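Commentary on secondary and tertiary structure
One letter stands for each residue in the lines below.
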Amino acid sequence: MATSSLLLLLISSCIISALLPAASASKTRHFKWEVGYIYASPDCNEKILMGINGQFPGPTIRAKAGDTIHVELKNTLHTEGVVIHWHGIRQFGTPWADGTASISQCAIDPEETFVYRFRVEKAGTYFYHGHYGMQRAAGLYGSLIVDAADGEEEPFRYDGEFNLLLSDWYHQSIYDQMVGLSSNPLRWIGEPQTLLINGRGQYNCSLAAHPVEGSNACRPTSKDCAPVVLRVLPNKTYRLRIASTTSLSSLNLAIGNHKMVVVEADGNHVEPFTVGDIDIYSGESYSVLVTTDQNPSSNYWLSVGVRGRKPKTSPALAIVNYRPNSPSKLPESGPPMAPEWNDYNHSKSFSYRILARRGAPKPPQSADRRIVLLNTQNKIDGYTKWSINNVSLALPPTPYLGSMRYRLKNAFDAGMPPENFPPSYDVMRPPPNPNSTQSSNAYVIRLNSTVDVILQNANALAVNVSEIHPWHLHGHEFWVVGYGDGRFGEKEVARFNLKNPPLRNTVVIFPYGWTAIRFVADNPGVWAFHCHIEPHLHMGMGVIFAEGVEHVGKIPREALTCGMTAKMVMDKHRP
Ligand code: C2O
Ligand code: CU
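In what follows, the accompanying structure is described.

Calculation criteria
- Residues numbered from 1 in each chain as written.
- Chains lettered and ligands numbered in written order.
- Predicted model: local features only at pLDDT ≥ 70, side-chain atom pairs only at ≥ 80, totals over all residues.
- Heavy atoms only, no water.
- Donors = N, O, S within 2.8 Å, 3.2 Å for Na, K, Ca; no water.
- Helix = DSSP H or I, 4+ residues; strand = E, 2+ residues; numbered from the N terminus.
- Buried < 20%, exposed > 50% of the residue type's maximum accessible area, 1.4 Å probe, protein only.
- Phe/Tyr/Trp six-rings, centres within 6.5 Å; stacked < 30°, edge-to-face > 60°.
- Salt bridge = Lys/Arg side-chain N within 4 Å of Asp/Glu carboxyl O.
- Pairing = 2+ DSSP bridges.
- Axes fitted to C-alpha atoms, helices over the stretch in contact; angles between N-to-C directions.
- Disulfide = S-S within 2.5 Å.
- Contact = heavy atoms within 4.5 Å.
- Polar contact = N/O pair within 3.5 Å; in protein donor to acceptor, adjacent residues only side chain to side chain.

1. Examining the coordination of the copper ion (ligand 2)
Surrounding the copper ion (ligand 2) are the protein donor atoms His469 (ND1), Cys531 (SG) and His536 (ND1), at 2.0 to 2.2 Å. The sequence pattern formed by the donor residues of the copper ion (ligand 2) is H-x61-C-x4-H. Of this pair, His469 sits in strand 26 (residues 469-473) while Cys531 sits in strand 31 (residues 525-531); the two residues are 62 residues apart in sequence, bridging distant segments of the chain. The residues His469 and Cys531 share a single accessibility class, namely buried.

And the structure:
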């Protein structure tokens, strides 16, 4: 080849790559996973739990914005189905890969394989988890981290990073728990035995700031349960990615002597603010920046404790190890003191400080529809349930995505669920008539319309009890436009924050309070919106949103092999 044409080739390829920097760099990342029960000792007590490729937590997926993730998932559980949900990933154009049993797909049968293939659009801290029965609580989870695309940058700097996936752990099996939750009288799961950081914790450990009575000295008996060590150098800035996939617990995280600057929430940049501790609810993720500017001859505790429920679980501890100190050198000062478990003002002031980073896209200035969702605890034939506008969600045998896309009759309950609750209902008192109903009906939303949802908390069945519920939306992100105490009123609409509300996928409702969100229904599919507390969802605390299902592309056959769609696939009657 002549030098001149080689030069031309070089120049033209430079032009092409300059025009398409992100596209040419994005990759498909392949994973081959097997889900199965394994023996593990996450808190020094051996149990069986759900692992992936023999690992717990499951392998971390690391990708760049714009990449395609391809996971070939084989179910090697002996007798039950499985699915995996990619929490925080929008699944735009791939609603069948959302990994929700009875909603987006049929559970994958034992020995069968399902391929999850989807794009990750936005840099951020995410995770994945089981979404069938209570499989998340059996340990089926792991991290999914998305870095900025090549040539792009996140608007903050750091020298290194750590990933902390938080969870809570019960010694009782999820089968015991599920039977108890669906028994009359209810057998509640109680508080977790141990909090875990990256799948490791110490049961009954007295190093904690507030030791639980009868606890022992912490002597990890295996490396499965040794405390996590964060090795740092003095005078550097580290990014801590923190996500919570707890079954029940709301958490608080603090590091002795160190402040944290919050920069990310659920994959979105927030206006940076400095705090001494953060609250994190199940389903949320944050990034915080920590500068190692303390006395370098000491190590420090990182502590994670329970909020919002009277703690019966010792805090989880990790060690921030200033090198070259030995990681086994005990910190000079005790673990940081957590705020009182019921100091809700502390929690609210943290939530209220989370605002979109300057320059972030603003929400539409008005909504086309408002759905008010009253959260109550109820009874159905004596069984304890959670209901939304007096409807407790019961998932149908045929996943909605298939039955709606192919217009199958009687696959789920007809009719729209209620959009509001009676004006006379007193949210400050137990329900006067606790009887509720069960249904699989769904909210059908006009494609591309803007929806406001008001999540209204209320008193539970017992007097003076109202709990925290973190709500998570699949398939979308939403703007958190307002919070308030008591009952939501029309006059609050004028006070919505439409200037810099944070964009998120999970938000909390505080006891006796309400939270308002706004989203654009621009993703054809069927999407769960539910409380992320595993036993609450299991007891019916969720709703189904469907939009533009007629625009959904070809659903993979493997997602349809159950219920009424199975027959359709076998008869090859699929339109
Ligand atoms: Cu992480 Cu439907 O949940
Ligand atoms: Cu809940």
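2. Let's talk about the packing of aromatic side chains
Throughout the structure, instances matching the rule amount to 26 aromatic pairs. Where Tyr37 meets Tyr175, the ring centres are 6.5 Å apart and the plane angle is 55 degrees; that geometry is what we call tilted. Separated by 138 residues along the polypeptide, Tyr37 in strand 1 (residues 28-40) and Tyr175 in helix 3 (residues 174-181) bring together distant segments of the chain. You can call Tyr175 partly exposed: its relative accessible area is 32%. A connected cluster of aromatic rings, assembled from ring pairs, spans Phe31, Trp33, Trp86, Phe114, Tyr116, Phe118 and Tyr128.

3. Some details on the pattern of salt bridges
Considering all chains together, one arrives at 28 salt bridges under this definition. Two residues, Arg241 and Asp147, come together in a salt bridge whose shortest N-O distance is 3.7 Å. On the criterion of sequence distance, the pair formed by Arg241 in strand 12 (residues 237-244) and Asp147 in strand 8 (residues 141-147) is long-range, its members being 94 residues apart. Just as Arg241 is buried, Asp147 falls in that class too. In this structure, Glu467 engages Arg309 in a salt bridge whose closest nitrogen and oxygen atoms are separated by 3.3 Å. Residue Glu467 is located in the loop between strand 25 (450-456) and strand 26, and its partner Arg309 is located in the loop between strand 18 (300-307) and strand 19 (316-322); the two are separated by 158 residues in the primary sequence. Just as Glu467 is buried, Arg309 falls in that class too. Here the residues in one salt-bridge network are Arg62, Asp147, Glu161 and Arg241, joined through shared partners.

4. Focus on the sheet that holds strand 31
Across the sheet, five strands lie side by side as 24-32-31-26-29; this open sheet has mixed pairing. If you trace the sheet from one side to the other, it starts and ends with strand 24 (443-445) and strand 29 (506-509), each paired once. Strand-to-strand twist across the sheet, computed as the mean angle between neighbouring axes with direction ignored, equals 25 degrees. Looking at chain direction, strand 24 and strand 32 (residues 542-547) are connected through three bridges and run parallel. Bridge pairing links Ile445 to Glu547 in strand 32.

5. A closer look at the pairing of strand 6 (residues 113-119)
Covered by surrounding structure in strand 6 are Phe114, Tyr116 and Phe118 only, the residues Thr113, Val115, Arg117 and Arg119 on the alternate face being uncovered. Taken together, the seven bridges between strand 4 (residues 68-75) and strand 6 define a ladder with antiparallel strand orientation. Bridge pairing in strand 6 links Glu72 to Val115.

6. Describing the state of the cysteines
Summed over all chains, the structure comprises two disulfides. Disulfide partner of Cys44: Cys225, at an S-S distance of 2.1 Å. Handedness of the Cys44-Cys225 disulfide follows from its S-S torsion of about 105 degrees: it is right-handed. With Cys44 in the loop between strand 1 and strand 2 (47-52) and Cys225 in the loop between strand 10 (194-197) and strand 11 (228-232), this residue pair connects regions lying 181 residues apart in the sequence. Judged by relative accessible area, Cys44 falls into the partly exposed class, the value being 24%. Residue class for Cys225 comes out buried when judged on its relative accessible area of 0%. What pairs with Cys106 in a disulfide is Cys562, and their sulfur atoms sit 2.1 Å apart. Here Cys106 and Cys562 share a disulfide; its torsion about the S-S bond, -85 degrees, makes the bridge left-handed. Separated by 456 residues along the polypeptide, Cys106 in the loop between strand 5 (84-87) and strand 6 and Cys562 in the loop between strand 32 and helix 7 (563-570) bring together distant segments of the chain. Overall, the relative accessible area of 1% leaves Cys106 in the buried class.

7. Section: the sheet that holds strand 9 (residues 160-169)
The sheet built from six strands is open, its strands ordered 10-9-12-17-14-15 with mixed pairing. Two strands in the sheet have a free side with no partner beyond their single neighbour: strand 10 and strand 15 (268-275). Each strand axis lies, on average, 25 degrees off the axis of its neighbour in the sheet, ignoring direction. Here strand 9 runs beside strand 12; their pairing, made up of seven bridges, is parallel. Note that in strand 12 the partner of Glu161 across the bridge is Arg239. Sitting on the sheet, helix 4 (residues 344-353) is in contact with strand 14 (260-265), strand 15 and strand 17 (285-291), with an inclination near 135 degrees to strand 15.

8. Some words on the environment of Lys122
Tracing the backbone through its elements, the reader meets Lys122 in the loop between strand 6 and strand 7 (124-130). Through-space distance from the C-alpha of Lys122 to that of Ala65 is 5.1 Å; in sequence the pair is 57 residues apart. In this view, Lys122 contacts Ala65, Val146, Gly267, Asn268, Glu477 and Leu503; residues no more than four positions away in its chain are not counted. Among the polar contacts listed, one links the side chain of Lys122 to the side chain of Glu477, at a separation of 2.8 Å.

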